[in-house]
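Spelled out, the chains give:
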Amino acid sequence: MMELVTGGSGSGKSAYAEAVICEKHRLLRETTENAPLYYIADMVPYGRETEKKIEAHRKMRSGKGFATLEWYVDLPGKLSDPDSPIRGDACVLLECISNLTANEMYEPGGAENTGQDTVESVIKGVRMLKERCAHLVVVTNDVFRESVPDSEEMTVYKDNLGTISRALAEMADRVTEVVFGVPVCIKPDSYKAAGIREQLNGIGAAEDKSEEISEEKGRHGMKFITGGAYQGKYEYAKKLYPDAEWADGAGCSLQELLSCGGVDHFHLFVRRWLQEEKAPKKLTEAILDKNRDLIIVCDEIGCGLVPVDAFEREYRESVGRICTELAKNADEVYRVTCGIGNRIR
């Protein structure tokens with residue numbers, strides 16, 4: 001069994017992940033007495049701040065039976081070693097993918113500095129872990145819901161982390177988002193029913209079903225799809241509505257927006273609209289008047305710190321208010337996390 005756990009900073013995801021793997025280990029030991037329990041730690045101790053975080057995690061898992069493996073890079077290499085302690089009856093907690101991704105990108109022994117690909121290395125390592133242990137819980141970090149534009153370096157990092165998280169979610173038997181200590185299951189252990197959402201998430205669905213799904217769901221009425229950056233929203237939308245003609249909010253005109261079937265990066269259209277000093281309300285009115293069947297794909301950008309720059313504050317709030325109004329008028333609203341879409345309205 002593999003479970004992927006995601007959530008924001010301080011959300012309680014670590015405590016939840018530990019509770020899950022410890023319970024799996026307890027149950028396993030009822031039949032396999034010597035089954036080991038491992039914690040793969042990948043936060044490199046840089047300075048006092050990270051040392052404090054590492055110490056806090058050590059205290060949290062103290063007395064729970066974990067053996068700690070400090071594996072900062074190259075999971076495939078560690079697991080291929082004949083002396084690797086991971087074996088078939090092990091329970092493993094890996095924390096966390098956001099650190100491992102950064103390590104593979106920037107550490108001297110990481111993938112990028114040894115001629116390998118970060119995304120491939122991390123995904124391969126986790127897949128090997130899943131295949132070589134009884135139970136695996138993997139923690140990742142949601143860093144995708146802010147409005148201020150990223151630096152070029154941060155864009156590459158988030159793109160890598162988003163791609164990895166989506167691949168791990170597809171690989172996992174269960175995906176859980178922890179919100180202020182509350183675990184929300186967004187992918188169950190197994191789907192018995194062949195429902196639309198399950199098919200779209202790639203669980204037991206054939207590719208030739210897309211036409212059937214599209215006909216069943218129909219295209220009449222506004223559709224709204226949101227979620228953090230790099231979560232696979234556009235890909236999910238194209239599975240839902242394969243016949244739609246798409247425009248890109250990063251560069252399309254208002255005329256294109258009001259005549260297309262769907263728009264990706266809608267938040268970037270709003271940004272350009274505000275840069276031209278146009279009223280947010282006018283954009284909402286135009287869409288509702290001219291294109292009520294529009295499929296909107298928009299980043300969820302209202303989280304994180306309030307921007308210092310006045311325009312960035314206006315932009316973040318305007319996206320929120322415009323999208324709230326459009327979602328209110330939509331007959332379907334979806335939220336995508338790690339490539340998994342859930343209909344929330």
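Everything quoted here is computed from the prediction, not taken from an experiment.

(A) A look at the packing of aromatic side chains. Taken as a whole and judged by the stated rule, the model has 6 aromatic pairs. Both rings, one in Phe 144 and one in Tyr 230, keep their centres 6.4 Å apart while their planes meet at 70°; by these two values the pair is edge-to-face. You can see Phe 144 sitting in the loop between strand S5 (135-139) and helix H6 (152-171) and its partner Tyr 230 sitting in the loop between strand S8 (223-227) and helix H9 (233-240), a full 86 residues away along the chain. On the basis of relative accessibility, which here comes to 25%, the residue Tyr 230 falls in the partly exposed class. Ring geometry for Tyr 234 and Trp 246: centres 5.2 Å apart, planes at 85°, overall edge-to-face. In this pair, Tyr 234 is assigned in helix H9 and Trp 246 in strand S9 (residues 246-248), connecting sequence segments 12 residues apart. Taking relative accessible area as the criterion, Tyr 234 reaches 26% and is therefore assigned partly exposed. In this structure, Arg 271 is placed above the aromatic ring of Tyr 315, and the distance from its NZ or CZ to the ring centre is 4.7 Å. Lying across the ring of Trp 273, Lys 278 places its NZ or CZ 4.7 Å from the centre.

(B) Fine view of H9. The set of residues buried in H9 consists of Lys 233, Tyr 236, Ala 237 and Leu 240. The arc enclosing the buried residues of H9, seen along the axis, measures out at 100°, which places them on a common side.

(C) Fine view of the pattern of salt bridges. Inspection of every chain in the model, using the stated rule, returns 18 salt bridges. Note that Glu 312 is salt-bridged to Arg 271, the shortest N-O span being 2.5 Å. Of this pair, Glu 312 sits in helix H13 (residues 310-329) while Arg 271 sits in helix H11 (residues 266-275); the two residues are 41 residues apart in sequence, bridging distant segments of the chain. Between Lys 290 and Asp 289 there is a salt bridge, with the nearest N and O atoms lying 3.9 Å from each other. Asp 289 carries the same exposure label as Lys 290, and that label is exposed. What you see here is one network of salt bridges that share partners, running through Asp 142, Arg 145, Glu 177, Glu 300 and Arg 335.

(D) Structural view of the sheet that holds S5. If you trace the 7 strands from one edge of the open sheet to the other, you get S3-S2-S4-S5-S1-S6-S7, paired in mixed fashion. In this open sheet, the two edge strands, each paired with only one partner strand, are strand S3 (67-70) and strand S7 (182-187). Each strand axis lies, on average, 20° off the axis of its neighbour in the sheet, ignoring direction. Note that strand S1 (residues 2-7) and S5 share 4 bridges and pair parallel. Bridge pairing in S5 links Leu 4 to Val 138. Across the face of the sheet, helix H1 (residues 13-28) comes into contact with S1, strand S2 (37-41), strand S4 (91-95), S5, strand S6 (174-179) and S7 while running at roughly 170° to S4.

(E) Just the nonpolar core, in detail. Counting 37 residues, the largest nonpolar core has Ile 86, Val 92, Ile 97, Val 126, Leu 129, Val 138 and Leu 168 as the members making the most contacts within it. For this core, the secondary structure elements donating two or more residues are S1, S2, helix H3 (75-80), S4, helix H4 (97-106), helix H5 (118-132), S5 and H6. Dropping the residues within four chain positions of it, Val 92 is found in contact with Ile 21, Tyr 38, Ile 40, Ile 86, Leu 129, Cys 133, His 135, Leu 136 and Val 137. Formed by 29 residues, the second largest nonpolar core is a distinct cluster that contains Phe 269, Ile 287, Ile 296 and Ala 327.

(F) The arrangement of a nonpolar patch on the surface in detail. Among the surface-exposed residues, Val 179, Phe 180, Val 182 and Val 184 lie close enough to one another that they form a single nonpolar patch of about 400 Å² accessible area. Its location among the elements puts Val 184 in strand S7. Taking relative accessible area as the criterion, Val 184 reaches 36% and is therefore assigned partly exposed.

Here is what the cut-offs are and how they apply
- Residues numbered from 1 in each chain as written.
- Predicted model: local features only at pLDDT ≥ 70, side-chain atom pairs only at ≥ 80, totals over all residues.
- Heavy atoms only, no water.
- Phe/Tyr/Trp six-rings, centres within 6.5 Å; stacked < 30°, edge-to-face > 60°.
- Helix = DSSP H or I, 4+ residues; strand = E, 2+ residues; numbered from the N terminus.
- Buried < 20%, exposed > 50% of the residue type's maximum accessible area, 1.4 Å probe, protein only.
- Lys NZ or Arg CZ within 6 Å of the ring centre and 35° of its normal.
- Arc of directions from axis to C-beta.
- Salt bridge = Lys/Arg side-chain N within 4 Å of Asp/Glu carboxyl O.
- Pairing = 2+ DSSP bridges.
- Axes fitted to C-alpha atoms, helices over the stretch in contact; angles between N-to-C directions.
- Contact = heavy atoms within 4.5 Å.
- Core = buried A, V, L, I, M, F, W, Y, C linked by side-chain atoms within 4.5 Å.
- Patch = residues over 30% accessible without salt bridge, like charges linked within 9 Å, V, L, I, M, F, W, Y side chains within 5 Å.
- Areas by Shrake-Rupley, 256 points an atom, 1.4 Å probe, with all protein chains shown as cover.

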